[in-house]
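# Chain and residue survey
Here is what each chain is made of, one letter per residue.
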Amino acid sequence: MEWLMWFTRFENTKPLALLIFFITFCAILFYVFGSKTRGERLESYKNMPLQDD
């Protein structure tokens, strides 16, 4: 149970949280820009509010 006490110290959890958020951010960027077809599809969505029927 000593490994659980490791999470209670801020000097350990701050870098761990930063690492988790950075990996999540990189995964989102890879998802958006990883595929050319997906990127073009998402790029076409930016004008949706301006299109008038």
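This structure is a prediction, so every number in the text was calculated from the model and none was measured.

## Thoughts on the overall build of the chain
When helices and strands are tallied, the chain shows three helices and zero strands. Counting helices and strands in the order they occur from the N terminus, the chain gives α-α-α. Whereas a compact globule of 53 residues would reach a radius of gyration of roughly 10 Å, the chain reaches 19 Å, over 25% beyond that. Expressed along its principal axes, the backbone C-alpha trace of the chain runs to roughly 60 × 25 × 15 Å. Evaluated residue by residue, the chain yields a buried proportion of 4% over its 53 residues. Taken as two groups, the 6 positive and 6 negative side-chain charges of the chain have centres that lie 6 Å from each other.

## Quick word on a nonpolar patch on the surface
Together, L19, F22, I23, F25, L29 and F33 line one region of the surface with nonpolar side chains, adding up to about 660 Å² of accessible area. By the secondary structure assignment, F25 is in helix α2 (residues 10-33). Assessed through its relative accessible area of 49%, F25 is described here as partly exposed.

## A word on the pattern of salt bridges
Tallied over the entire structure, the rule returns one salt bridge. Between K46 and E43 there is a salt bridge, and its shortest N-O distance comes to 3.0 Å. Exposure remark for K46: the relative accessible area of 54% places this residue in the exposed category. Assessed through its relative accessible area of 44%, E43 is described here as partly exposed.

## Digging into the confidence of the model for the chain
For the chain, per-residue confidence averages 84 on the pLDDT scale, and residues scoring 70 or more make up 98% of the total. Across the chain, element-level confidence peaks in α2 with a mean pLDDT of 90 and bottoms out in helix α1 (residues 2-6) with 79.

## A word on the packing of aromatic side chains
By the definition in use, this model includes zero aromatic pairs. Note that R38 overlies the ring of Y31, its terminal NZ or CZ placed 4.3 Å from the centroid.

Calculation notes
- Residues numbered from 1 in each chain as written.
- Predicted model: local features only at pLDDT ≥ 70, side-chain atom pairs only at ≥ 80, totals over all residues.
- Heavy atoms only, no water.
- Helix = DSSP H or I, 4+ residues; strand = E, 2+ residues; numbered from the N terminus.
- Rg over C-alpha atoms; globule rule 2.2 N^0.38 Å.
- Buried < 20%, exposed > 50% of the residue type's maximum accessible area, 1.4 Å probe, protein only.
- Lys, Arg positive; Asp, Glu negative; His and termini not counted.
- Charge placed at Lys NZ, Arg CZ, Asp CG, Glu CD.
- Patch = residues over 30% accessible without salt bridge, like charges linked within 9 Å, V, L, I, M, F, W, Y side chains within 5 Å.
- Areas by Shrake-Rupley, 256 points an atom, 1.4 Å probe, with all protein chains shown as cover.
- Salt bridge = Lys/Arg side-chain N within 4 Å of Asp/Glu carboxyl O.
- pLDDT = per-residue confidence, 0-100.
- Phe/Tyr/Trp six-rings, centres within 6.5 Å; stacked < 30°, edge-to-face > 60°.
- Lys NZ or Arg CZ within 6 Å of the ring centre and 35° of its normal.

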